[in-house]
Every structure is written in C-alpha cells, then in structure tokens.
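# Structural features, examined
Spelled out, the chains give:
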Amino acid sequence: AATGHDVLGIDVDAGKVEAYRRDIIPGYEPGLSDLVHEALTRGKLRFMHTDEVAESLGEVVLVTTGTPVTDAGTVDLSQVESALFWIKGKQPGESVITMKSTVPPGTGVRLVETVLRDTSLKYVSNPEFLREGQAVQDWFHPDRIVIGRADDQAMNVIEALYDGIEAPKMITDITSAEMIKYASNAFLATKISFINEIAALCDRLGATIDDVSRGIALDPRISSSFLGAGMGYGGSCFPKDVRALDQLASTNNHDFELLRSVITVNNRQRLLPLYALRERFGTLSGVRVSVLGVAFKPNTDDVREAPSLDLIRALVSEGAQVSAFDPKAMPAARSVVPTSVHLASDPLECADSAQAIVLVTEWPEIVNADWEEIAGRSRPPRFLFDGRNALDPRRMRAYGFDYQGVGRAKVRSAGDRLQVGIQ
Ligand code: UGA
C-alpha cells in the first residue's frame, strides 16, 4: 500500500481483522504500525473477513498463511490449500496467485497440477526473506527478489508489484524458488551451529570466539553475518524450516546428515546455561535464577521456539526459583512459561536476590541495563551466564559477577581486542 497499490487484507480470524481495522497491530514489529496507519488513512488498505469478501480479488493474490511443521517434521499445508480453494471459489479469472508462505520444494508444481488444474489462475512462487524485527526495512530494501514461475505471462504483473523497489531479481522455475528459500535458512542455521561448535572448542582450548569469528569473517567468502556464538537459533522459521528440509530429504531417499547435526548442536546450545548452572551449584533445587530476555531475538515479542523457553522449563523442573524479564514479550511469555515463574517488570527487579543470572536475548534494554545495580541487587555467588556474548566480561567481573560466556574462556575486554587488531 505504501508504494501505491490498493491492498485488501483478508483473514479467517474475525478478531484479527477487527483489530487491524481499528489500527491495532497484533504483535510487535517496529515501523509496521505507522505504515498500516498511514495506508488506512489514505484509503489504500482495507481489511475483510473471508465471509465479507464480495468483490473481485484483484490482479495479484498473495498467499501468506502459516505452514506449521508437525512433530514428525512434515509441513502442514492445510492452511495454504484451503486458501487456494477459497480463492478458486471466488472465480478470480486470471489473477496471479503469489505464494509467499514457505512451502516445501515441489509443492507449487503439485498445487498447479491439482487444486488449480481446472482454472485459468496463474501461480508464482515468490519466497519471503524478511527478518522479524526488521521486516519493514527488509521489505523496502530486499537483498533479492526471487520469482519462480511456470510461464512468462504472470511476470509483468509481478514486476509491477515490486515497482519502485530496487533489488536484483532472479527468475527461475517454481521448485527452484522454493528450494532457494529453504536452502537460505538452512545455510544460515548451519553457520550458527558451526560457530557454536567452534565456540565449544574455544572453551576447551583457551581460545576466544569473539576474535575467532572476527578473524574468519575477514575472508569475504565467509562474511561476518551469522557468526554470533550463543544459545543458538529459535523463532518461527529456522527450527521449522531446517526440520522440514531434513524430513523432505529423507522422504526423498536422501540422508541429509549435515542438517541433523545442525539441529543436534542447536538443541544442545539452548541448554548450555543449565549445564553451567548444574556445574556451579550441584543441585538447582531452591536456587534463584533470573532469566533476562524471553523473545527468540531482540526487537520482537515472538517467543515461538525461543531458546529461553527450553531453559526456563528445564530450570523449573529441576526445582530452581525462576524470574524472567523481556521488554516486549511478557504478554506472550505469560501463556507459555510455567506458572511458578515470576514475571518481572524490569531487569533490576528480575535480578532481585538472584544467585544466578542468564542473559538469553541481547535486547539493548538488557545489555545496557545498570549492571552495577543488578550486581548489587543479586546475591552471591552472582553467577552470570552471558548466553549471547553481549556483555563485557572484564566489566562484569569488576562488578563482582562470576562471568561465563559461550566460547569466551579467555576473553579479554573490548579494549584488549582492539590492541590485538592494531598489532
Ligand atoms: C530468518 C531469516 O533471517 C529471514 O531471512 C527469513 O525470511 C525468516 O527467517 C523466515 O524464514 O521467515 P528471523 O527468524 O526473523 O529470520 O530471524 P534471524 O534474524 O535470522 O535470527 C534467527 C535466530 O538465529 C535467532 O534466534 C537469533 O538469535 C539466532 N542467531 C542469529 C544466532 O544465534 N547467531 C547469529 O549470528 C545470528
């Protein structure tokens, strides 16, 4: 809508539709609220429940439904399929169905041959690479636009959709476009698990992961992104997509060993603070632990597959007294953490009388909190596990914390690292 298109947002959830109509965005996504408000005011954006839609669906129909993964790792496509049947029922002529939902490679071709067989609807795969917390910025400045299509007729319409947005466009077949999406997420997840394995070795051999990451990132073939060691990846995308790709490989008679290791390493990373706490305290029964950060990453209130949840549940089941804080995710956390967990209103309150503190999400509100005051409010032994390597170890030790990071056994302060760089 902000680039001039007339947009109709359609959903089966009447509550969600009503909220959007009243300019209330469910969830926290920086900048989205302003965009929606502006488009509503300019009349470029409307919202409707599926039952209310009586008008034509327009030239482009973007499908953005969920594609959850079952416990077995298979992708549940029921929402996508019912959306397509609904679209078909609206007799939209030659509209271009643009699949933004992440569907396993092979899905689009199957949908074209089955659900859409008796229609003149066009189908393109146009995978989404937005990151939560930066979605608005990523929409206007994508690093690529990937379009998978069966024939060229739909292309002009899709080109017009992205008019004014500068990015390399890649045109391919439908299945390759779907694979680009999965391969991108799986590769990034692999980078994270790889650096976490190197961090484990750094801890054992006395190296410092911060320097190692920076050192390898100087090779442009490696690049610096997604080399942050810590409690691993979470969220609604990486865990689900990596599991789905592994499952898809095995149903197609390929053993994707590498991906299974990526998953195993990631599951282990989430519980690193638990192992460290057990080592430090012996039993965790009655130990007061403060968990700082619940969202799966900063700048979002999303707690889906957040590493914090596995940690909190394990701590509670071992008898620890847990308090937790997140700048935005407290409402979401309430329904998913055990009721015994105290939900604090700020980092200081969260740390009250804590014997151990675990930093799980590197929100600025947490990293830049008054750590001297936090130390003052906490209790010995003041064990501090920095699950994202976001704090300065020397400063934390000066405040009296027993600091431990991930792969930072020998870490020096930021100043020392600078000297290493100058030499
Ligand atoms: C990810 C991709 O980055 C997007 O390109 C993609 O569109 C999206 O999934 C999707 O498939 O919808 P997102 O899940 O929002 O985006 O989050 P990321 O910023 O990629 O972070 C994922 C996880 O990896 C977070 O838990 C983060 O803490 C972790 N991470 C990230 C690390 O542990 N280390 C790093 O160096 C970077």
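As shown above, the structure is provided for reference.
Since this is a predicted model, take the numbers as computed values, not measurements. (Residues numbered from 1 in each chain as written. Predicted model: local features only at pLDDT ≥ 70, side-chain atom pairs only at ≥ 80, totals over all residues. Heavy atoms only, no water.)

Moving on to the overall build of the protein. Secondary structure assignment for the protein yields 18 helices and 13 strands. A compact globule built from 423 residues should have a C-alpha radius of gyration of about 22 Å, and the protein, at 24 Å, falls within 12% of that. Accessible surface, the protein: about 20,200 Å² in total, of which carbon and sulfur atoms supply 52%. (Helix = DSSP H or I, 4+ residues; strand = E, 2+ residues; numbered from the N terminus. Rg over C-alpha atoms; globule rule 2.2 N^0.38 Å. Areas by Shrake-Rupley, 256 points an atom, 1.4 Å probe, with all protein chains shown as cover.)

What follows concerns the sheet that holds strand β13 (residues 402-404). Across the sheet, six strands lie side by side as β10-β9-β8-β11-β12-β13; this open sheet has parallel pairing. The open sheet terminates on both sides in strands that have one partner only, identified here as β10 (342-343) and β13. Of the strand pairs in this sheet, strand β12 (residues 383-386) and β13 are connected by three bridges, and their pairing is parallel. For F383, the partnering residue across the bridge sits in β13 and is D402. Against the sheet, helix α11 (residues 272-281) contacts β8 (288-292), β11 (356-359), β12 and β13, and its axis sits at roughly 160° relative to β12. (Pairing = 2+ DSSP bridges. Contact = heavy atoms within 4.5 Å. Axes fitted to C-alpha atoms, helices over the stretch in contact; angles between N-to-C directions.)

What follows covers the sheet that holds strand β5 (residues 122-125). Pairing is mixed in the open sheet, where five strands are placed in the order β3-β4-β5-β6-β7. Of all strands in the sheet, those with a lone pairing partner are β3 (60-63) and β7 (169-172), marking the two edges. Within this sheet the neighbouring strands show an average axis-to-axis angle of 25°, counted without direction. Where strand β4 (residues 96-99) and β5 come together, four bridges link them in parallel fashion.

Here the second largest pocket defines a volume of roughly 340 Å³. If you go around the second largest pocket, you meet 18 residues; those closest to its centre are D203, R204, L272, A276 and Q404. Here the residues of the lining of the second largest pocket are counted per class, giving eight nonpolar, five polar and five charged. (1 Å grid on protein atoms, 1.4 Å probe; cavity = no way out; pocket = protein on both sides within 12 Å on 5 of 7 lines; lining within 4 Å. Points joined across faces, edges and corners; volume = space filled by probe spheres on them. Nonpolar A, V, L, I, M, F, W, Y, C, P; charged D, E, K, R; others polar.)

Quick look at empty space enclosed by the protein now. A probe as big as a water molecule, rolled over the atoms, marks out the empty space that is left. Evaluation of the coordinates by the stated rule reveals one cavity of 30 Å³ or more. Within this model, the largest cavity holds a volume of roughly 60 Å³. M99, K100, S101, T102, V103, S125, P127, E128, E178, K181 and Y182 together form the lining of the largest cavity. The element contributing the most residues to the lining of the largest cavity is helix α7 (residues 174-205), with three residues. Taken together, the residues that form the lining of the largest cavity break down as four nonpolar, three polar and four charged.

This brings us to the site of the ligand. Around the ligand lies a shell of 20 residues, among which L130, E132, K181, N185 and C237 are the nearest. A distance of 3.3 Å separates an oxygen atom of the ligand from a polar atom in the side chain of R388. For the ligand, whose unbound accessible area comes to 720 Å², protein coverage reaches 87%. Only α7 and α9 (238-251) provide two or more residues apiece to the shell around the ligand. Among the elements that take part in the shell around the ligand, α7 stands out by supplying three residues, more than any other. Of the residues that constitute the shell around the ligand, the class distribution is nine nonpolar, four polar and seven charged. (Near = heavy atom within 4 Å. Polar contact = N/O pair within 3.5 Å; in protein donor to acceptor, adjacent residues only side chain to side chain.)

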